[in-house]
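Survey of secondary and tertiary structure
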Amino acid sequence: MSLKAVMRVVNPFRLNTDPKHCGYPQYELSCDNNLTVIHSKNDVKFLVRSINYGNNTIRIADSKLDKNNYCSFPNNFQLLEDWIGDLSSYRNHSGENVELTKQIVFLKCENPLPAVVVVNNNYIDTAPYCNGSNYYVVDGGFSVSDMAIGCKTELSSSISNEVVVNKRNTSYFDIHNHLAHGFELSWLETELYKRKYNCSIDYSNEWRCGDRRTESESIVRRIVDIIAHAVLKFIFGTPFVVYFLNYKWQRRHLSVYNSIEEFLHTQNNLSPIRYSFREIEKMTQNFNNKLGEGGYGSVFKGKLRSGRFVAVKILSKSKGNGQDFINEISTIGTIHHVNVVRLIGFCVHSSNHALVYDFMSNGSLEKYIFSHEGIASLSCKQIFEISLGVARGIEYLHQGCHMQILHFDIKPHNILLDENFNPKVSDFGLARLCPLDNQNLSLTAARGTLGYIAPELFYKNIGRVSNKADVYSFGMLLMEMVGKRKNIKADAENTSQIYFPSWVHDQLSEGKNIDIETTLTDEENSKVMKKMIIVALWCIQLKPSDRPTMNKVIELLEGEVDCLQIPPKPSLYQLDKPRELVQEASCSMNSTIPSLTLPR
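What counts and what doesn't
Residues numbered from 1 in each chain as written. Predicted model: local features only at pLDDT ≥ 70, side-chain atom pairs only at ≥ 80, totals over all residues. Heavy atoms only, no water. Pairing = 2+ DSSP bridges. Helix = DSSP H or I, 4+ residues; strand = E, 2+ residues; numbered from the N terminus. Contact = heavy atoms within 4.5 Å. Axes fitted to C-alpha atoms, helices over the stretch in contact; angles between N-to-C directions. Parallel < 35°, antiparallel > 145°, perpendicular 65-115°, else oblique. Left-handed = near helix turned anticlockwise from the far one by under 90°. Buried < 20%, exposed > 50% of the residue type's maximum accessible area, 1.4 Å probe, protein only. Patch = residues over 30% accessible without salt bridge, like charges linked within 9 Å, V, L, I, M, F, W, Y side chains within 5 Å. Areas by Shrake-Rupley, 256 points an atom, 1.4 Å probe, with all protein chains shown as cover. Salt bridge = Lys/Arg side-chain N within 4 Å of Asp/Glu carboxyl O. Core = buried A, V, L, I, M, F, W, Y, C linked by side-chain atoms within 4.5 Å. Domains from an automatic or database assignment. UniProt positions renumbered as here; feature names shortened; annotations may be inferred.

1. Re the sheet that holds strand β20 (residues 352–358)
Pairing is mixed across the open sheet formed by six strands, whose spatial order is β15-β19-β20-β18-β17-β16. Among the strands making up the open sheet, the edge pair consists of β15 (273–274) and β16 (290–294). The sheet contact formed by strand β19 (residues 343–349) and β20 spans six bridges and is antiparallel. Bridge pairing links Gly345 to Val356 in β20.

This is the structure we're talking about:
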């Protein structure tokens, strides 16, 4: 018995045995052990449960899942909108997009979690139905920062949007059965399918596909085409030049689009969701609330269906075949850390590129450390905690991932603060990936922002480019956080204060007071500021080999200031041998270091 006899397979779907003009090539079905299957771009096999041609939906289920075995878990599958052709997780109903499918995540924990943790976090325990299993199911919209200690994300799958994923209303018995039943995706019945890929049974009971014009209609069509061609050749002249220029412009943008699409198709471990441009317009209310604007484009405030607020960055100009967009996706699209901004999703639609992030209600660090009217200043404790958080975020990028991520644009504007002033490193448009064991990087041009770029990016004789470039940028950032001013200030009252790091080094070395525009209420705060200054001075040493690693920076910030030694004065011309960051083990709390008294 043929597959068509079991399941009605018509436009836009096709069988792998159909003539090549039948159906839509990416909607190809096949028969596997008398079961109808369809494959995703990443070759994940799904069973076709049903096709509803009335509302343009197909119901599919993961083939790895055994309905009668509750210890069988699905494949790791990230639902992108066009994962097969243009099948979508949304269906248009009376002009509104109805969400059909959502993501769920399986967490794997080292040990069984206490019941109170399971209940409070809405985790669904698989153990009652799969003995000895330490897997827990959560809604795909959960915050990674709230993940229980000892747990990690093992896989992601799709489930019907009607399923309520929480401990109070659902058991894993329900989840497993819903997964086995499958989830729906939708397609749009376009004229292209009806005309070009139309297939049907003809009068002779043969399966016939393709354009169904009659022979006479085809002849008339051909004559019209010949006449039109002759007329166009006669009058084409100048308009041809316009057409050619327009063609070249479209090809350039198509090249960028193809480069990005090729990258996305080769990535199997991306966690962000792919949105359509229409969804981006809807979540931003047609780009109604602009948060900011820069050389990269504009950022708008948006809101997801769940009520969660997001920041949507619309890239106005993509660099080098969309390389900045690819950089962003390839770095933070695969990682999670409390001090790195989370990429929720993205959109690629022709020349329109968008990135969707968690919304940071307190904006960038820049407006807090430089004077802005109506902005409350940060306390000494807040400044220190923010600096420590940024250091941890950068250290994670350097050593906490399967690949080393070099940011190359650490500055106050790219440090975002959430509602609790927790810092998040953002903007990975200039980032580069390299193996963990590769300490040197070859760059064809300097990258970053003036005032924060490490000198080796300009002067090759200083040293090779490595993760120490981010250490230098962090040191310049740290110095500005302490001084609450730009490191280079041409209108300074005293010429010696124009370059702040040089001036503050002289003050420290001579044991003089440092006039900083901040409020210090006790000696402890004074020590914290002194520690941040000394660490910053070490970070901005001229030679990369003299700078500490980010892991060492965190150790110094968390340690005692009395054990820190003042480094050589930062200079573009001083190439002395490096000095030790910390004194030997004999260092005591009574070590003599020039005191730093910061007046109110």
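2. Observations concerning the environment of Val561
Topologically, Val561 is positioned in the segment after α14 (550–558). Separated by 29 residues in the primary sequence, Val561 and Met532 have C-alpha atoms spaced 8.8 Å apart.

3. Notes on the sheet that holds strand β10 (residues 135–139)
Strand order across the open sheet formed by four strands is β9-β10-β8-β11, with antiparallel pairing between neighbours. Strand pairing shows two members of the sheet lacking a second neighbour, β9 (124–125) and β11 (151–160), which therefore form its edges. Note: strand β8 (residues 101–109) against β10, five bridges, orientation antiparallel. Opposite Ile104, over in β10, you have Asp139 as the bridge partner. Contacts between helix α3 (residues 172–181) and the sheet are confined to β8, β9, β10 and β11, with β11 contributing the most and set at about 55 degrees to the helix.

4. Focus: the packing of helix α10 (residues 380–399) against α14
If you want to describe how two helices pack, look at the angle between their axes and the distance between the axes. Contact geometry of α10 with α14 gives a least axis separation of 8 Å together with a crossing angle of 155 degrees. If you check the angle between α10 and α14, you find them roughly antiparallel. Both α10 and α14 take part in a crossing whose hand is left-handed. Of the residues in α14, those touching α10 at Phe384, Ser387, Leu388, Ala391, Arg392, Ile394, Glu395 and His398 are Met550, Asn551, Val553, Ile554, Leu557 and Glu558.

5. As for unusual backbone geometry
In this structure, Asn34 takes a positive phi of about 65 degrees despite not being glycine. Looking at where Asn34 falls in the secondary structure, it is placed in the loop between β2 (28–32) and β3 (35–39). One non-glycine residue with positive phi stands out, namely Asn56, at about 60 degrees. For Asn56, the position within the fold is in the loop between β4 (45–52) and β5 (57–62). According to the relative accessible area criterion, Asn56 is buried, its value standing at 16%.

6. Points about a nonpolar patch on the surface
Together, Leu450, Phe458 and Tyr459 make up a nonpolar patch on the protein surface, roughly 370 Å² of accessible area in all. Inspection of the secondary structure assignment puts Leu450 in the loop between β24 (432–434) and α11 (468–483). Residue classification places Leu450 among the exposed positions, given a relative accessible area of 70%.

7. Re the pattern of salt bridges
Should their charged atoms come close, side chains of opposite charge can pair. Tallied over the full model, the rule gives eleven salt bridges. The residue Arg14 makes a salt bridge to Glu28 at a minimum N-O spacing of 3.1 Å. Note that Arg14 is positioned in strand β1 (residues 14–15) and Glu28 in strand β2, a separation of 14 residues in sequence. Since its relative accessible area comes to 5%, Arg14 is described here as buried.

8. Details of the nonpolar core
In this structure, Leu365, Phe474, Met532 and Leu557 are the most contacted members of the largest nonpolar core, which totals 76 residues. Shared between two domains, this core holds at least three residues of each, these being domain 2 (267–359) and domain 3 (363–489 + 497–569). When residues no more than four places from it in sequence are discounted, the contact partners of Met532 are Ile383, Phe384, Ser387, Leu478, Val482 and Leu557. Formed by 21 residues, the second largest nonpolar core is a distinct cluster that contains Leu29, Ile51, Ile58 and Ile60.

9. Looking at the UniProt feature "binding site: ATP" (unreviewed entry) in the protein
Residues annotated in UniProt with the feature "binding site: ATP" (unreviewed entry) correspond here to Lys313. Secondary-structure assignment places Lys313 in strand β18 (residues 309–315). Residues contacting Lys313, with those up to four places away along its chain left out, are Tyr296, Ser298, Val299, Glu328, His353, Ala354, Leu355, Tyr357 and Asp427.

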